[in-house]
Amino acid sequence: MDAIRWEGNTLYLLDQTKLPVTEVWLPYTDYRPVADAIRTMVVRGAPAIGVAAAYAYCLAALAGEGLDEAKETLAASRPTAVNLFWALERMERKAKECGGAAEPLIAEAKAIHAEDVAMCRAMGAHGAAVVPEHARILTHCNAGALATGGYGTALGVIRAAHEAGKVNMVYCDETRPLLQGARLTAYELVSDHIPATLIADNMAASLMAKGKIDLAVVGCDRMAANGDFANKIGTYSVAVNAHYHGIPFYVALPCSTIDLSLADGSGIPIEERDRDEVRTLYGTRTAPESVEVCNPAFDVTPHSLVTGIITEKGVIYPPFQENLQKLFG
Ligand SMILES: CSC[C@@H](O)[C@@H](O)C(=O)COP(=O)(O)O
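Residues numbered from 1 in each chain as written. Predicted model: local features only at pLDDT ≥ 70, side-chain atom pairs only at ≥ 80, totals over all residues.

A few words now on the overall build of the chain. Scanning the chain from terminus to terminus reveals 11 helices and 16 strands. Rg of the C-alpha trace for the chain: 19 Å, near the compact-globule value of 20 Å for 329 residues, within the 12% margin. When each of the 329 residues of the chain is scored for burial, the buried share is 48%. Nonlocal contacts in the chain, meaning residues at least 24 apart in sequence, comprise 75% of its contacts between residues at least 6 apart. (Helix = DSSP H or I, 4+ residues; strand = E, 2+ residues; numbered from the N terminus. Rg over C-alpha atoms; globule rule 2.2 N^0.38 Å. Buried ≥ 20, exposed ≤ 12 C-beta atoms within 10 Å, placed from the backbone. Contact = placed C-beta atoms within 7 Å.)

See below:
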């Protein structure tokens, strides 16, 4: 399964706002609508928006447009996932090296895309080793093939563990307000014939208390140098609940999601989204129009709640600050 394709100098994005009801691929030949697609979550998930932005940068080069302006427009689309900025900076370095020629830039974007899939596969192999036999695994949001170049981070670990015959059941939180768990994770799991049970977010603690969850694994949008990390709103609740019930809690991410410039999670910018995402469900109003709404798209989980960090280079255990530094040599 994939969500991003580059064919004949055109970027195609699988419209994730329409899944799982319809599979629509949208074509892009201009970088500006790609910035909108990232903002409106046609494409979403930290590594996937990095890959999409890299290809969008190529569209600007192909059209002979200003690359600085393209970078700025794309970077302003979403603030939390560091992969977006990481990918754009890598493209800018390449542009300086090749004088902004389109072909080497396209090759660079393709490399970012291919490396992301390879990193997910490596993460999957490392992560599967920490999954016990007959595991019942909880995940939150969508950190799957749709959220990456392909295969997935947290869902990559689950896929690899399933391939190793270790997965008894995957519980996926529906993930309000935009239901990435229900719409996307459940869709990926069902498509891959991985045993899946969808739950509303507020059911997770109760399942843990009943002894029905052996391990939780989630994705990440940005990790600070001490291991604190931002991920989809509700991740922090999963971590607190897992800690209370003595359940191992893992976060899976490529090194491109680690931001060593931030000492801890307090510096991670948290995106505040449209209030109607909470006041409505699929366009139907579910709350008074005038009610105040708080809609942060991400929360920060402190590293003290994390059992291990699964990366493409291996699984890291505490002390995270020290071991993350070692990862970067
Ligand atoms: C491999 S994706 C990791 C994260 O980006 C994912 O868990 C997440 O929080 C996605 O949020 P979204 O708002 O859907 O882009």
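Here the narrative resumes.
Another aspect to go through is the site of the ligand. Taken together, 17 residues lie near the ligand, and Arg 44, Ala 46, Ala 147, Gly 219 and Lys 232 sit nearest. Of the residues contributing to the shell around the ligand, the split by class is 8 nonpolar, 6 polar and 3 charged. Built from parts of two domains, the shell around the ligand gets at least three residues from each of domain 1 (2-117) and domain 2 (128-326). (Near = placed C-beta within 6 Å. Nonpolar A, V, L, I, M, F, W, Y, C, P; charged D, E, K, R; others polar. Domains from an automatic or database assignment.)

For the rest of this paragraph, the subject is the pairing of strand β5 (residues 167-173). Within a regular strand, the side chains alternate between the two sheet faces. Within β5, 5 of the 7 residues are buried, which leaves it mostly tucked inside the rest of the structure. In terms of handedness, the path from strand β4 (residues 135-139) via helix α6 (residues 154-163) over to β5 forms a crossover that is right-handed. Across 4 bridges, the pairing between β5 and strand β6 (residues 196-199) is parallel. Paired with Tyr 171 across the two strands is Thr 197, which belongs to β6. Regarding topology, helix α7 (residues 180-191) serves as the crossover connection from β5 to the parallel β6, and that connection is right-handed. (Right-handed = clockwise from strand over helix to strand, strands pointing away. Pairing = 2+ DSSP bridges.)

With that out of the way, let us pick up the domain arrangement of the chain. Reports of interface size often rely on the accessible area that becomes lost once the parts have come together. As assigned here, the chain comprises domain 1 (2-117) and domain 2 (128-326). Summarising the inter-unit geometry, the C-alpha centres of domain 1 and domain 2 are found 24 Å apart. Taken together, the 24 residues of domain 1 in the interface contact 27 residues of domain 2. Breaking the side of domain 1 that touches domain 2 down by element, the ones donating at least two residues are α2 (46-62), α4 (82-98) and α5 (102-128). Take the side of domain 1 that touches domain 2: its biggest share by element is 5 residues, from α2.

Turning to the packing of helix α1 (residues 31-39) against α2, a few remarks are in order. The contact between α1 and α2 brings their axes to 8 Å, and the two run at 165°. Taken together, α1 and α2 sit at an angle that is classed as roughly antiparallel. For the pair α1 and α2, the sense of crossing is left-handed. For the pair α1 and α2, the contacting residues are Tyr 31, Val 34, Ala 35 and Ile 38 in the first and Ile 49, Ala 52, Ala 53, Ala 56, Tyr 57, Leu 59 and Ala 60 in the second. Taken together, the residues of the contact of α1 with α2 sort by class into 11 nonpolar, no polar and no charged. (Axes fitted to C-alpha atoms, helices over the stretch in contact; angles between N-to-C directions. Parallel < 35°, antiparallel > 145°, perpendicular 65-115°, else oblique. Left-handed = near helix turned anticlockwise from the far one by under 90°.)

UniProt's entry tags Cys 141 with the feature "site: Transition state stabilizer" (unreviewed entry), counted in the numbering of this structure. Among the secondary structure elements, Cys 141 is positioned in the loop between β4 and α6. In this view, Cys 141 contacts Thr 175, Gln 180, Gly 181, Gly 219, Asn 231 and Lys 232; residues no more than four positions away in its chain are not counted. (UniProt positions renumbered as here; feature names shortened; annotations may be inferred.)

A separate point is the nonpolar core. Residues Ala 52, Ala 53, Ala 56 and Tyr 57 are the most contacted members of the largest nonpolar core, which totals 102 residues. The biggest single contributor to this core is α2, with 14 residues. Of the domains in this structure, domain 1 (2-117) and domain 2 (128-326) are the two that each give at least three residues to this core. Dropping the residues within four chain positions of it, Ala 52 is found in contact with Ile 4, Leu 13, Val 34, Ile 38 and Val 43. (Core = buried A, V, L, I, M, F, W, Y, C linked by C-beta atoms within 7 Å.)

Okay, the sheet that holds strand β2 (residues 10-14) next. With respect to topology, 3 strands assemble into an open sheet ordered β1-β2-β3, the strand pairing being antiparallel. In this open sheet, the two strands that pair with only one neighbour each are β1 (4-7) and β3 (25-28). Looking at each pair of strands side by side, their axes are set apart by 25° on average, direction ignored. In terms of strand pairing, β2 meets β3 through 4 bridges, oriented antiparallel. Residue pairing across strands places Tyr 12 opposite Pro 27, the latter belonging to β3.

Glancing now at the pairing of strand β9 (residues 229-232). Bridging between strand β8 (residues 222-224) and β9 involves 2 bridges; their strand directions are antiparallel. Bridge pairing in β9 places Met 223 opposite Phe 229. The turn linking β8 back onto β9 is made up of 4 residues, and Gly 227 within it adopts a positive phi angle of 95°. One ladder, built from 4 bridges, connects β9 with strand β14 (residues 298-301); its direction is antiparallel.

To continue, consider the environment of Leu 281. With respect to the helices, strands and loops of the structure, Leu 281 is situated in strand β12 (residues 280-281). Judged by C-beta crowding, with 14 C-beta atoms within 10 Å, Leu 281 ranks as partly exposed.

The subject of this paragraph is the UniProt feature "binding site: substrate" (unreviewed entry) in the chain. The residues that UniProt annotates with the feature "binding site: substrate" (unreviewed entry) are Arg 44, Gly 45, Ala 46, Arg 78, Gln 180, Asn 231 and Lys 232. Relative to the elements of secondary structure, Asn 231 occurs in strand β9. A tally of 29 C-beta atoms within 10 Å means that Asn 231 is categorised as buried. Not counting the four nearest positions on each side in its chain, Asn 231 is found in contact with Cys 141, Val 218, Gly 219, Cys 220, Asp 221, Phe 298 and Thr 301. As for its placement among the helices and strands, Lys 232 is situated in strand β9. When sequence neighbours within four positions are dropped, the list of residues in contact with Lys 232 reads His 140, Cys 141, Thr 175, Gln 180 and Phe 298.

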